[in-house]
Amino acid sequence: MERKRRGGRFVREDGVDDVKQETKAAVGAPRPRYCRTFTRKKVAEALPKIVEAFAEEAKKGSVAHMKMLASLGGLDKGEMPVVKKRRGKSVVRRLLDMTKESE
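Quantities reported herein were computed from a predicted structural model and do not represent experimental measurements. (Residues numbered from 1 in each chain as written. Predicted model: local features only at pLDDT ≥ 70, side-chain atom pairs only at ≥ 80, totals over all residues. Heavy atoms only, no water.)

Draft legend 1. Local environment of the overall build of the chain. Counting its secondary structure elements, the chain contains three helices and two strands. Each helix and strand of the chain, placed in order from N terminus to C terminus, yields the pattern β-β-α-α-α. Counting only residues that meet the buried cut, the chain has 4% of its 103 residues in that class. Of the roughly 10600 Å² of accessible surface on the chain, a fraction of 56% belongs to carbon and sulfur atoms. (Helix = DSSP H or I, 4+ residues; strand = E, 2+ residues; numbered from the N terminus. Buried < 20%, exposed > 50% of the residue type's maximum accessible area, 1.4 Å probe, protein only. Areas by Shrake-Rupley, 256 points an atom, 1.4 Å probe, with all protein chains shown as cover.)

Structure representation (structure tokens):
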């Protein structure tokens, strides 16, 4: 039994074509490699209008919109610098300090 080929690929005997047709991307659509860059650019372009809309809703008394504005503006507590916790002195450091004191 010989299988039929179309366009260099095997096709089903019942006439249904399983060959996926390659579709070209819409004009102006990014390649998958550049989707994040494209999205960041579009968000950056729309950001002033987005912030204005959030500000209008916050002025009306919306707590959720006020929290989002505070987050976008860097006013939330998450933007505070993290205080580094220092470890206690090691045993070796304590022994060295004791020897320096005895001298």
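Having put the structure on the table, let's press on.
Draft legend 2. Structural detail: the pattern of salt bridges. Applying the stated criterion to the full structure yields three salt bridges. Residue lysine 59 is joined to glutamate 56 by a salt bridge in which the shortest nitrogen-to-oxygen separation is 3.8 Å. On the criterion of helical spacing, the pair formed by lysine 59 and glutamate 56 is a turn pair, its members being three residues apart in helix 1 (residues 35-59). Residue lysine 59 is classed as exposed on the basis of its relative accessible area, which comes to 67%. On the basis of relative accessibility, which here comes to 44%, the residue glutamate 56 falls in the partly exposed class. Of the charged contacts in the structure, one is a salt bridge between lysine 60 and glutamate 57, with a shortest N-O distance of 3.4 Å. Residue glutamate 57 is classed as partly exposed on the basis of its relative accessible area of 30%. (Salt bridge = Lys/Arg side-chain N within 4 Å of Asp/Glu carboxyl O.)

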